[in-house]
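Fold and contact review
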Amino acid sequence: GMCMELWQLWLTAIREVLQFLSSDVGFGSGLAVVALALLTRSALLPLSWTTAYRSVLRQRKLKALEPELAKLKEELAGQPQVYSERMLALYRRHGISLVDGRSLLAAAVQTPVFIGTFQVLRSASIGGRFLWLASLARPDVVLAIVAALSTTLLVMVNPDLPEHLRWVMIALPAIFTLIAALKVASALALFWTVSNCFSSLQAATVYYVAGRRLQAQSGSHS
């Protein structure tokens, strides 16, 4: 149907961009994938930055409310209904919504971009050598490990990881990335690696900026 045709057009557009970077710009297949990852991430930056920033502020606000919520939970142990109402009132008072509609919208916009790129890079049409890789169309163990490490970096950048779950939250995504990267074309693992490194840098900057803003706010309140 119409949706399928649009999707095929979208995949063709991604292939054309890759072809342009590879041949017309003269990057070759490997650098074309690196450039595509950087271009994709940069194009989505206005959206992903805002989402990440709002998410960090929300996380920090919720963390600050933890003692108050724990006290409420104790006081209203046998009254889950009243606790829920009080909790929602507390959230409202601090400007915290239960669901962030803008974040959901941002995710909906970004998803087709990454699924499309995944489909294009997974198909073994992007061959050629790059660095130590004999072929971008085949998986590579070293690159799979590098991709897994880049996922680890992305998770570790988050200073708000709960301490008791920290290692699980770091290890699981890395293991999943390693397994996936060992099964797909190196072109895709290369895209993931560059994308993760870009996202790690972005996340670190977001945490820093959000932290400074909250510090300034609490400074002005005190």
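Above this text you will find the structure in question.
The rules we used
- Note that residues are indexed from 1 along each chain, following the sequence as it is written.
- Given that the model is predicted, a residue must reach a pLDDT of at least 70 before its local features are reported, and side-chain atom pairs must reach 80 or more before they are shown or counted; all residues, however, enter totals for whole chains, interfaces and linings.
- Excluded from the side-chain calculations are hydrogens and water; all other atoms, namely the structure's heavy atoms, are used.
- Every helix listed is a DSSP run of H or I at least four residues long, and every strand listed is a run of E at least two residues long, numbered separately from the N terminus.
- Any helix carries an expected span of 1.5 Å times its number of residues minus one.
- Think of it in three bands: residues with accessible area under 20% of the maximum for their type are buried, residues over 50% are exposed, and the middle band is partly exposed, with areas taken using a 1.4 Å probe on protein chains only.
- The arc in question is formed by the directions pointing from the helix axis toward the C-beta atoms.
- The contact definition used throughout considers only heavy atoms, calling two residues in contact when any of these lie within 4.5 Å.
- Stacked, tilted and edge-to-face are the three classes assigned to paired rings of Phe, Tyr and Trp, where Trp is represented by its six-membered ring and a pair needs centres within 6.5 Å; plane angles under 30 degrees give stacked, over 60 edge-to-face, the rest tilted.
- Of the two site types, the cavity is a set of points on a 1 Å grid over the protein atoms alone where a 1.4 Å probe fits but cannot get out, and the pocket is an open set with protein on both sides within 12 Å along at least five of seven lines, each lined by residues with an atom within 4 Å of a point.
- Grid points are joined across faces, edges and corners, and a volume is the space filled by probe spheres set on the points.
- Basically, the charged four are Asp, Glu, Lys and Arg, the nonpolar ten are Ala, Val, Leu, Ile, Met, Phe, Trp, Tyr, Cys and Pro, and anything else, Gly included, counts as polar.
- Whenever a helix is involved, its axis is fitted only over the stretch in contact; in every case the axis is a line through C-alpha atoms, and angles between N-to-C directions fall within 0 to 180 degrees.
- In these notes the angle categories are as follows: under 35 degrees is roughly parallel, over 145 is roughly antiparallel, 65 to 115 is roughly perpendicular, and the rest is oblique.
- Two helices cross in a left-handed way if the nearer one is turned anticlockwise from the farther one by less than a right angle. They cross in a right-handed way if the turn is clockwise.

1. Thoughts on helix 3 (residues 80-93)
When the terminal C-alpha atoms of helix 3 are compared, their 20 Å separation across 14 residues agrees well with the 20 Å that a helix rising 1.5 Å per residue should span. If you check which residues of helix 3 are buried, you get Tyr83, Leu90 and Tyr91. Taken down its axis, helix 3 places every buried residue within 100 degrees of arc, on the same side. Along helix 3, the residues that are exposed and aim more than 90 degrees away from the buried face are Gln81, Arg92 and Arg93. On its buried face, helix 3 is in contact with helix 2 (28-75). Looking one or two residues beyond helix 3, the residue adopting positive phi is Gly95, at roughly 70 degrees.

2. Some words on the packing of aromatic side chains
Aromatic ring pairs: the centre-centre distance and the angle between the two ring planes describe each pair. The tally for this structure, following the rule as stated, stands at one aromatic pair. Between Phe118 and Trp192, the ring centres sit 6.5 Å apart and the planes meet at 20 degrees, which makes this aromatic pair stacked. Separated by 74 residues along the polypeptide, Phe118 in helix 4 (residues 101-122) and Trp192 in helix 7 (residues 186-221) bring together distant segments of the chain.

3. Quick word on unusual backbone geometry
Residue Leu131 is not a glycine yet carries a positive backbone phi of 50 degrees. Residue placement: Leu131 occurs in the loop between helix 4 and helix 5 (141-156). With relative accessibility at 64%, the residue Leu131 sits in the exposed group.

4. Considering the layout of surface pockets
In this structure, the largest pocket spans a volume of roughly 560 Å³. Taken together, 16 residues make up the lining of the largest pocket; nearest its centre are Ala52, Leu154, Ser199, Gln202 and Ala203. Elements with a contribution of two residues or more to the lining of the largest pocket: helix 2, helix 5 and helix 7. Per-element tally for the lining of the largest pocket: the top contributor is helix 2, with seven residues. Across the lining of the largest pocket, the residue classes break down as seven nonpolar, eight polar and one charged. Taken as a whole, the second largest pocket holds about 210 Å³ of empty space. Together, Arg54, Leu57, Arg58, Lys61, Gly95, Ile96, Ser97, Asp100, Arg213, Leu214 and Gln217 line the second largest pocket. Where the lining of the second largest pocket is concerned, the elements lending two or more residues are helix 2 and helix 7. Among the elements that line the lining of the second largest pocket, the one with the most residues is helix 2, at four residues. For the lining of the second largest pocket, a count of residues per class yields three nonpolar, three polar and five charged.

5. Here's the deal with the side chain of Thr152
Within the element layout of this structure, Thr152 appears in helix 5. Each residue touching Thr152, except ones within four places of it in the same chain, is listed here: Ile170 and Ala174.

6. Quick notes on the side chain of Thr51
Locating Thr51 in the fold gives a position in helix 2. Apart from the residues lying within four places of it in its own chain, the contact partners of Thr51 are Ser103 and Ala106.

7. A closer look at the packing of helix 1 (residues 2-24) against helix 2
The contact between helix 1 and helix 2 brings their axes to 8 Å, and the two run at 125 degrees. Overall, the two elements helix 1 and helix 2 adopt an arrangement that is oblique. Like other packed secondary-structure pairs, helix 1 and helix 2 cross with a definite hand, here right-handed. Here Ile14, Val17, Leu18, Leu21 and Ser22 of helix 1 come into contact with helix 2, specifically with Gly28, Ser29, Ala32, Val33, Ala35, Leu36 and Leu39. Residues belonging to the contact of helix 1 with helix 2 are distributed by class as follows: nine nonpolar, three polar and no charged.

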